[in-house]
Amino acid sequence: MGNRDSYQARCRAKAEDLRRRGEALILSVESSCDETAVAVVRNGREQLANAIASQIDTHALYGGVVPEIASRMHVEAIDPLLEAALAEAHVTLDAIDAVGVTYGPGLVGALLTGVSWAKALAYAMDVPLIGVNHIEGHVSANYIAHPDLEPPFVCLVASGGHSHILNVTRYGEYELLGQTTDDAAGEAFDKVARVLDIPYPGGPLLDRLADAGDDHAYKFPHPHTQGKYDFSFSGLKTAVINQAHNLRQQGVEIDAKNFAASFRRSVVDLLVDKTLAAARDTGAKRLAVAGGVAANSLLRSELQGRGERAGLKVFIPPKNLCTDNAVMIGSAAFYRLMAGETAGLDLNAVPALRMIGV
Ligand code: KG4
Ligand code: ZN
């Protein structure tokens, strides 16, 4: 048996032992887009370290993520982040039971950096490797933030690349209730922000600008979709951008605060309407939210308020667990491990990876 085969055999045995004990200290890695992150998570629920290096300032110079630059910056950031995470968790590598890593969806070069690094580390440490779907990671941020949350629950996942409404039936099992038929919610925020000359990524800054605006000042269309719980943001985004161009052509000054507030209101109403309808129709008792757009202040307050009025218990992670991080990957990796799922050293990046079971 080659070294590689014996590693795989030893890891299968180790993974089985961890599964039987129901415990694992996981070192996790996230590098799918413009954040490099390494975390240490105990038993899928407890964050011991959350080390993160954002590349946003660099990509902002170009108005968006430049994939080649992202990959290079991940390579530079990842080793120091490992040191920082171990120091923060007060553990050494010997204590780590398994390595979890995002293998998709995301930018291929960026993902490959984390996947290759995680494979090398798991092999050198002789511990199991676990591949994690980034979207499942976002959902799992809720397990870190809310120790009492257990499936089943309905979860809205809204990020820069994805917008889904999921029914989380059990750990690691998902039913797709609805999704965007075109752009993701975060993408729409970023593109509309650009028209208002807000630098990349526009979502968080547009959100802050909107806080001081009147959300009735501008009227935008309500997009219609075929699926009852599906979203469409492309039509809304185009209508909003066209309205800005038309007003400027007519020499009418745009009130950026009001414009941002009106747009934010349209997106949030759409997300919350569909999510609450899906929760009601599936008889859900619990509602969670995840992904970068879940950091949006209006989305958070509307989901909380309207969700509770609809009789739901609402779970919203803190903002730093909504945007990309490795803690959420460590939690998702734990539940994959407990389901007996480990990866081989042939794990590859899958840029267009779909949601498991979806
Ligand atoms: O989940 P995430 O960090 O990365 C992806 O997996 O895509 O999400 C990033 C997206 C960006 O589009 C960003 O503009 C958006 O989330 N975002 C926000 C806010 N914070 C981040 N959008 C609206 N309001 C925010 N406060
Ligand atoms: Zn993300």
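Residues numbered from 1 in each chain as written. Chains lettered and ligands numbered in written order. Predicted model: local features only at pLDDT ≥ 70, side-chain atom pairs only at ≥ 80, totals over all residues. Heavy atoms only, no water.

Visitor: Tell me what's going on with the overall build of the protein chain, and back it up with residues and numbers.
Guide: For the protein chain, the count of helices and strands is 12 helices and 10 strands. Scaling as 2.2 N^0.38, a compact globule of 358 residues should have a C-alpha radius of gyration of about 21 Å, and the protein chain matches this with 21 Å. Expressed as lengths along the three principal axes of its C-alpha atoms, the size of the protein chain is roughly 75 × 45 × 35 Å. Put simply, the protein chain has 358 residues, and 55% of those count as buried. Long-range pairs, those at least 24 residues apart, make up 74% of the contacts in the protein chain with a sequence separation of at least 6. Of the roughly 15000 Å² of accessible surface on the protein chain, 50% is carried by carbon and sulfur atoms. Mean positive and mean negative side-chain charge positions of the protein chain (33 and 42 charges, respectively) differ by 5 Å. (Helix = DSSP H or I, 4+ residues; strand = E, 2+ residues; numbered from the N terminus. Rg over C-alpha atoms; globule rule 2.2 N^0.38 Å. Buried < 20%, exposed > 50% of the residue type's maximum accessible area, 1.4 Å probe, protein only. Contact = heavy atoms within 4.5 Å. Areas by Shrake-Rupley, 256 points an atom, 1.4 Å probe, with all protein chains shown as cover. Lys, Arg positive; Asp, Glu negative; His and termini not counted. Charge placed at Lys NZ, Arg CZ, Asp CG, Glu CD.)

Visitor: Give me the lowdown on the packing of helix 9 (residues 256-281) against helix 10 (residues 297-309), citing residues and values where you can.
Guide: Orientation of helix 9 relative to helix 10, taken along the N-to-C sense of each, is 35°, at an axis distance of 10 Å. The way helix 9 lies across helix 10 gives a crossing that is right-handed. Between helix 9 and helix 10, the residues in contact are Arg264, Arg265, Val268, Asp269, Leu271, Val272, Asp273 and Leu276 and Ser297, Leu298, Leu299, Glu302, Leu303, Arg306 and Gly307, respectively. For the contact of helix 9 with helix 10, the residue count by class is seven nonpolar, two polar and six charged. (Axes fitted to C-alpha atoms, helices over the stretch in contact; angles between N-to-C directions. Left-handed = near helix turned anticlockwise from the far one by under 90°. Nonpolar A, V, L, I, M, F, W, Y, C, P; charged D, E, K, R; others polar.)

Visitor: Before we move on, could you go through the coordination of the zinc ion (ligand 2) and cite the residues and values that matter?
Guide: The protein atoms that coordinate the zinc ion (ligand 2) are His134 (NE2), His138 (NE2) and Asp324 (OD), at distances spanning 2.0 to 2.1 Å. One chain supplies every donor for the zinc ion (ligand 2), spaced along it as H-x3-H-x185-D. Taken together, the positions of His138 in helix 5 (residues 134-145) and Asp324 in the loop between helix 11 (319-322) and helix 12 (327-338) put the pair 186 residues apart, joining distant regions of the chain. Summarising the burial analysis for this pair, His138 and Asp324 share the class buried. (Donors = N, O, S within 2.8 Å, 3.2 Å for Na, K, Ca; no water.)

Visitor: Run through the site of ligand 1, naming residues and quoting values.
Guide: In the vicinity of ligand 1 there are 18 residues, among which Gly160, Asp190, Asp207, Gly292 and Asn296 approach most closely. Taking His138, its side chain carries an N or O atom lying 3.0 Å from an oxygen atom of ligand 1. A distance of 3.2 Å separates an oxygen atom of ligand 1 from a polar backbone atom of Gly186. Protein coverage of the free-state accessible area of ligand 1, which is 550 Å², stands at 89%. Listing elements by their share of the shell around ligand 1, those giving two or more residues are helix 5, helix 6 (185-195) and helix 7 (202-211). Its residues assigned to classes, the shell around ligand 1 shows four nonpolar, 11 polar and three charged. Among the domains, domain 1 (2-142 + 323-338) and domain 2 (152-316) are the pair contributing at least three residues each to the shell around ligand 1. (Near = heavy atom within 4 Å. Polar contact = N/O pair within 3.5 Å; in protein donor to acceptor, adjacent residues only side chain to side chain. Domains from an automatic or database assignment.)

Visitor: Any chance you could break down the side chain of Ser262 for me, citing the residues and the numbers?
Guide: The residue Ser262 is located in helix 9 in this model. Here the side chain of Ser262 touches Asp214 through a polar contact of 3.5 Å, landing on its backbone oxygen. Dropping the residues within four chain positions of it, Ser262 is found in contact with Asp214, Asp215, His216, Ala217, Tyr218 and Phe220.

Visitor: I'd love a proper account of the domain arrangement of the protein chain, names of residues and values included.
Guide: Under the domain assignment, the protein chain is made up of domain 1 (2-142 + 323-338) and domain 2 (152-316). Using only C-alpha atoms to locate each centre, domain 1 and domain 2 end up separated by 29 Å. Contacts between the two partners involve 17 residues from domain 1 and, on the opposite side, 21 residues from domain 2. Surface buried jointly by domain 1 and domain 2 totals about 1400 Å² across both partners, of which 67% is contributed by carbon and sulfur atoms. (Buried area = accessible area lost by both parts, 1.4 Å probe.)

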